[in-house]
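# Structure assessment
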Amino acid sequence: STIMSEPALPQTGEAPKNVKLFVGQIGRNTVEDDMKALLGKYGSVMDVNIIKDKITGTSKGCCFVVMSSRSEAQAAITGLDKQHSMPGMPNAIQVSFAKGEVGGPAR
């Protein structure tokens, strides 16, 4: 299945069912396609946004991933959080609902 690259939707146009995840400890060499492949096992990855330093443009080793449904997002958390390490990374990735997502961590 070929993934067509689509222009990013404006924030206001996002369907409410899309759910944003925060993924930490991905390493500075991880690119968007790596995350699409990894989380694609759990559902439809709508968007990947690797967080980069504003000045240098280098990855900060974390990203946001938008999944097309809450159940897919939860499956990704269950399957990957603290259980999968990216190449060259000593620590497992951390996958959680992004701040502000309904049903995210309440603590």
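Anything mentioned here points back to the structure above.
### Notes on the environment of Ala73
Tracing the sequence through the fold places Ala73 in helix H2 (residues 70–80). Taking the C-alpha atoms as reference points, Ala73 and Ser96, separated by 23 residues in sequence, lie 8.6 Å from one another. In this structure Ala73 touches Val19, Leu21, Met67 and Phe97, once residues within four positions along its chain are discounted.

### Quick notes on the pairing of strand S2 (residues 45–52)
In this structure, S2 lies alongside strand S3 (residues 59–67), joined through six bridges in antiparallel fashion. Each residue of the ladder has a partner; that of Val45, found in S3, is Met67. What sits between S2 and S3 in their antiparallel hairpin is a turn of six residues, with Gly57 showing a positive phi close to 75°.

### A short note on unusual backbone geometry
Positive phi, normally seen in glycine, also occurs at Gln25, with a value near 65°. Mapping Gln25 onto the fold places it in the loop between strand S1 (19–24) and helix H1 (32–39). Of note, Lys82 is a non-glycine position whose phi angle comes to about 60°, a positive value. For Lys82, a relative accessible area of 60% corresponds to the exposed category.

### Notes on the pairing of S3
Summarising burial for S3: seven of the nine residues are buried, a large majority. Examined bridge by bridge, S1 and S3 share six bridges and lie antiparallel to one another. Each residue of the ladder has a partner; that of Val23, found in S3, is Cys63.

Scoring rules and cut-offs
- Numbers given to residues run from 1 along each chain, matching the order in which its sequence is written.
- Local features in this predicted model are restricted to residues whose pLDDT is 70 or higher, and side-chain atom pairs enter the listing and the counts only when it is 80 or higher, whereas totals over whole chains, interfaces and linings include all residues.
- Heavy atoms from the whole structure form the basis of all side-chain values; hydrogens and water molecules are not counted.
- Numbering of helices and strands runs from the N terminus; a helix is a DSSP stretch of H or I covering at least four residues, while a strand is a stretch of E covering at least two.
- Whether two residues touch is decided by their heavy atoms; if any such pair falls within 4.5 Å, the residues are in contact.
- The rule for pairing is simple: two strands pair if DSSP sees at least two bridges between them.
- Think of it in three bands: residues with accessible area under 20% of the maximum for their type are buried, residues over 50% are exposed, and the middle band is partly exposed, with areas taken using a 1.4 Å probe on protein chains only.

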